[in-house]
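Topology and contacts: notes
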Amino acid sequence: MMINATYNKREIKNLTNNYMTFEKGGRLYKSGAVKEVTIDEAESVVVSKIHDKATYTEKLKLNKFGKIDDYECSCEYFRSNPEVPCYHLVALMLAVLHLAEDYRQKTAALTPKTRNQTHPPAQQDKYYNVAETNRLLGFLQYELMDENDLYERMPLQVDYMLT
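Residues numbered from 1 in each chain as written. Predicted model: local features only at pLDDT ≥ 70, side-chain atom pairs only at ≥ 80, totals over all residues. Heavy atoms only, no water.

With respect to the overall build of the chain
Helices and strands together make up the secondary structure of the chain, namely 7 helices and 4 strands. Out of the 163 residues in the chain, the part that is buried amounts to 34%. A separation of at least 24 residues holds for 52% of the contacts in the chain among residues at least 6 apart in sequence. Summing over all exposed atoms, the chain offers an accessible surface of approximately 10,300 Å²; the carbon and sulfur share of this is 52%. (Helix = DSSP H or I, 4+ residues; strand = E, 2+ residues; numbered from the N terminus. Buried < 20%, exposed > 50% of the residue type's maximum accessible area, 1.4 Å probe, protein only. Contact = heavy atoms within 4.5 Å. Areas by Shrake-Rupley, 256 points an atom, 1.4 Å probe, with all protein chains shown as cover.)

Take a look at the structure:
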């Protein structure tokens, strides 16, 4: 089971409007605190429990394009300020983002590559597998966002031919 998540770290940062919330959520995610993740593919909803100082329940809803549509958390901070995601929600958003990327990578690895079958060996370097290229671009974008906003300082442009 998988849900299509097409948002990125920058969009999560923009939602929080607070660098500390984003950083704290990242640390919480990396610590393995996101537990009991339940995915409802039909509704594009992810529910989880996060074990922090207490156990909180988070809910993340994505729209049909895989962007963040709605969210809620049972913590006191979110109940008093529901317009902005708390760091528990940031941890869940990061977990879903990583789950979606892992799923895309596994699916891409299982998909047979047609590049070698459709072009003579002398021309293989001129053509690129579009799915592989998009996967690598997504990975690069994600990693660049992780490097102190290097993404904003270094524009990423790739030209490739569709076959």
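More follows now that the structure is in view.
Section: the confidence of the model for the chain
Here the chain shows a mean pLDDT of 78. Residues at 70 or above account for 68%. When the elements of the chain are averaged for pLDDT, helix α5 (residues 115-118) gives the smallest value, 49, and strand β4 (residues 68-73) the largest, 95. In this model, residues 122-126 is a region of pLDDT below 50 whose contacts with residues beyond four sequence positions or in other chains number 4 contacts. (pLDDT = per-residue confidence, 0-100.)

Quick look at the sheet that holds strand β3 (residues 55-62)
Read from one edge of the open sheet, 4 strands run β1-β2-β3-β4, paired in antiparallel fashion. Every other strand in the sheet has two partners, leaving β1 (34-40) and β4 as the edge strands with one partner each. Recorded for the sheet is a direction-independent mean angle of 15° between the axes of neighbouring strands. (Pairing = 2+ DSSP bridges. Axes fitted to C-alpha atoms, helices over the stretch in contact; angles between N-to-C directions.)

What about the nonpolar core?
Formed by 31 residues in total, the largest nonpolar core has its most connected members in Tyr7, Ile12, Leu60, Ile68, Met93 and Val96. Setting aside residues up to four positions removed in sequence, leucine 60 forms contacts with Tyr7, Ser44, Val45, Val46, Ile68, Asp70, Tyr71, Leu92, Met93 and Val96. (Core = buried A, V, L, I, M, F, W, Y, C linked by side-chain atoms within 4.5 Å.)

Describing the packing of aromatic side chains
In the structure shown here, the tally under the stated rule is 1 aromatic pair. Above the plane of the ring of tyrosine 87 lies lysine 24, whose end atom (NZ or CZ) is 4.2 Å from the centre. (Phe/Tyr/Trp six-rings, centres within 6.5 Å; stacked < 30°, edge-to-face > 60°. Lys NZ or Arg CZ within 6 Å of the ring centre and 35° of its normal.)

Focus: the side chain of threonine 21
With respect to the helices and strands, the residue threonine 21 is situated in helix α2 (residues 19-30). Excluding anything up to four places from it in sequence, threonine 21 contacts Thr16, Pro85, Cys86, Tyr87 and Val90.

Section: the environment of histidine 88
Counting through the fold element by element, histidine 88 comes out in helix α4 (residues 87-110). Exposure remark for histidine 88: the relative accessible area of 3% places this residue in the buried category. Once residues lying within four places of it in the same chain are set aside, the contact partners of histidine 88 are Leu28, Ile50, Asp52, Tyr56, Glu58, Cys73 and Cys75.

Things to note about the state of the cysteines
Scanning the entire structure with this criterion turns up 0 disulfides. Free of any disulfide, cysteine 73 has its nearest neighbouring cysteine sulfur in cysteine 86, separated by 3.6 Å. For cysteine 73, a relative accessible area of 7% gives the class buried. The class for cysteine 86 is buried, based on a relative accessible area of 0%. (Disulfide = S-S within 2.5 Å.)

Quick look at α2
Taking 1.5 Å per residue as the helical rise, α2 with its 12 residues ought to reach 16 Å, and the 17 Å between its terminal C-alpha atoms agrees with that figure. Buried residues of α2: Thr21, Phe22, Gly25, Gly26 and Leu28, and no others. Along the long axis of α2, the arc covered by the buried residues comes to 160°, so they all point the same way. Set apart from the buried face of α2 by more than 90 degrees, the exposed residues are Met20 and Lys30. By the N-cap criterion, in which a side-chain oxygen at the helix start approaches the backbone nitrogen of a residue two or three places on, α2 is capped by asparagine 18, the distance to methionine 20 being 2.8 Å. Count one or two residues on from α2 and you reach glycine 32, which has phi positive near 85°. (Expected span 1.5 Å × (residues − 1). Arc of directions from axis to C-beta. Polar contact = N/O pair within 3.5 Å; in protein donor to acceptor, adjacent residues only side chain to side chain.)

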